[in-house]
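What the coordinates show
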Amino acid sequence: NAGVTQTPKFQVLKTGQSMTLQCAQDMNHEYMSWYRQDPGMGLRLIHYSVGAGITDQGEVPNGYNVSRSTTEDFPLRLLSAAPSQTSVYFCASSRDRNNYGYTFGSGTRLTVV
Amino acid sequence: SQQGEEDPQALSIQEGENATMNCSYKTSINNLQWYRQNSGRGLVHLILIRSNEREKHSGRLRVTLDTSKKSSSLLITASRAADTASYFCATDVGGSQGNLIFGKGTKLSVKP
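What this report covers is the structure whose coordinates are included nearby. This is a predicted model, so every value here is computed, not measured. Chains are numbered independently. Their residues run from 1 in the order of the written sequence. Chain letters and ligand numbers both follow the written order, the letters beginning at A and the numbers at 1. Residue-level local features of this predicted model are given only where pLDDT is at least 70; pairs of side-chain atoms are given and counted only at 80 or more, and the full residue set underlies all totals for whole chains, interfaces and linings. Neither water nor hydrogens contribute to the side-chain values; these are computed over all heavy atoms in the structure.

1. Overview of the pattern of salt bridges
All names here are of chain A. Counted as salt bridges are all cases of a side-chain nitrogen of Lys or Arg within 4 Å of a carboxyl oxygen of Asp or Glu. Going through the model one piece at a time under the given rule, you end up with seven salt bridges over all chains. Residue aspartate 38 is joined to arginine 36 by a salt bridge in which the shortest nitrogen-to-oxygen separation is 3.0 Å. Each member of the pair, aspartate 38 together with arginine 36, is buried. A salt bridge links arginine 44 to aspartate 38; the shortest N-O distance between them is 2.8 Å. Only protein chains enter the area calculation, which uses a 1.4 Å probe; residues under 20% of their type maximum are buried, those over 50% are exposed, and those in between are partly exposed.

So, in structure tokens, the structure goes:
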């Protein structure tokens, strides 16, 4: 099992550009989430999904879109990148929120200039 | 807003000593989880404790939960240099919301 795979690992964008951060898991997990991590802020939830076709907003959803067309994939789209979106992005998945923790990807380090 | 708050923000101990980190949260929860993050890496799940549990053990880790005080503690016994990392508590409020809300973490440094 590969676990949770995030691509790319590093990305530099210019202000106003759009891009998609990819997240895929091969564990058949229903629950998937996107977080951003900024220094001194811990992890903040951007969007999450409780199953294919179902997504919802987290704490900091503005400027981001998600979709969940399959159980395996949960891409995060930046619509028009801003310097404030410079961060490390983590994708995570869980098979059962009540009994198991989340498995995290290794992260995407995004810089917006 | 942050649900959990860890205390202390930073902790420095010698190898072999015990490390205790605390977490306080604001609302009722379904479960509380602890994660470790090594520098520049993703988070690793350590332990999950349900709201009806008071204590849980996993190897050198001991987690307690006091729902009346809305607090939890993580004890690492006989710490090693390899335990150097940031530790986060995260709360799941349950229900239809798939949220896992993290605190800001405790940075643990274990000196050899």
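2. A closer look at unusual backbone geometry
Glycine aside, residues mostly have negative phi, and peptide bonds are mostly found in the trans state. Omega for the peptide link from Thr7(A) to Pro8(A) comes to -5°, which places this bond in the cis form. With an omega dihedral of 0°, the bond running from Asp7(B) to Pro8(B) counts as a cis peptide bond. Notably, Asn28(A) is not glycine yet its phi reads approximately 60°, a positive angle. Segments assigned H or I by DSSP are reported as helices when at least four residues long, segments assigned E as strands when at least two residues long, and all are numbered from the N terminus. Inspection of the secondary structure assignment puts Asn28(A) in the loop between strand E3 (19–25) and strand E4 (31–38). Residue Lys70(B) is not a glycine yet carries a positive backbone phi of 50°. Relative to the helices and strands, Lys70(B) resides in the loop between strand E7 (61–66) and strand E8 (71–76).

3. Overview of the side chain of Ser73(B)
Residue and element names in this part refer to chain B. Tracing the backbone shows serine 73 in strand E8. Only 2.6 Å separates the side chain of serine 73 from the side chain of threonine 64, close enough to count as a polar contact. The criterion used for residue contact is that any of the two residues' heavy atoms lie within 4.5 Å. Once residues within four sequence positions are removed from consideration, serine 73 is found in contact with Met21, Asn22, Trp34, Arg62, Val63 and Thr64. Definition of a polar contact: a pair of N or O atoms within 3.5 Å, with one able to donate and the other able to accept a hydrogen when the atoms are protein atoms, and with sequence-neighbouring residues admitted only if both atoms are side-chain atoms.

4. What to know about the environment of Lys9(A)
Residues and elements named next belong to chain A. Relative to the helices and strands, lysine 9 resides in the loop between strand E1 (4–7) and strand E2 (10–13). Remark: the alpha-carbon pair of lysine 9 and glycine 107, spanning 98 residues in sequence, is separated by 6.3 Å. Reaching out from lysine 9, the side chain makes a polar contact with the side chain of serine 106 at a distance of 3.4 Å.

5. Observations concerning the interface of chain A and chain B
The partner chain B presents 26 residues to the 21 residues of chain A that form the contact. The quantity reported as buried area is the accessible area (1.4 Å probe) lost by two parts once they are put together, taken as the sum for both. Buried surface at the junction of chain A and chain B, summed over both partners, amounts to about 1,900 Å²; 46% is from carbon and sulfur atoms. For the side of chain A that touches chain B, the secondary-structure elements that each account for two or more residues are E4 and strand E5 (42–51) of chain A. Each residue gets one of three labels, nonpolar for Ala, Val, Leu, Ile, Met, Phe, Trp, Tyr, Cys and Pro, charged for Asp, Glu, Lys and Arg, and polar for the others, Gly among them. Class assignment of the residues belonging to the side of chain A that touches chain B gives a composition of ten nonpolar, nine polar and two charged.

6. Side note on the environment of Gly3(A)
All names here are of chain A. Mapped onto the elements of the fold, glycine 3 is located in the segment before E1. A relative accessible area of 12% places glycine 3 in the buried class. Note: C-alpha distance between glycine 3 and asparagine 98 (95 residues apart in sequence) is 20 Å. Not counting residues within four places of it along the chain, the set of residues in contact with glycine 3 comprises Ala24, Gln25, Asp26 and Met27.

7. Description of the environment of Ser18(A)
Residue and element names in this part refer to chain A. By secondary structure assignment, the location of serine 18 is in the loop between E2 and E3. A sequence separation of 64 residues divides serine 18 from alanine 82, and the C-alpha atoms of the two residues are 9.7 Å apart. Beyond its immediate chain neighbours, meaning those up to four positions away, serine 18 contacts Leu78 and Leu79.

8. Brief notes about the state of the cysteines
All names here are of chain A. The term disulfide is used for any two cysteine sulfur atoms that are within 2.5 Å. Applying the stated criterion to the full structure yields two disulfides over all chains. The disulfide that involves cysteine 23 links it to cysteine 91, with 1.9 Å between the sulfurs. Judged by the torsion about the S-S bond (-70°), the cysteine 23/cysteine 91 disulfide is left-handed. Residue cysteine 23 is found in strand E3, and its partner cysteine 91 is found in strand E9 (residues 87–94); the two are separated by 68 residues along the sequence.

Such coordinate-based values are descriptive only and should not be taken to indicate function.
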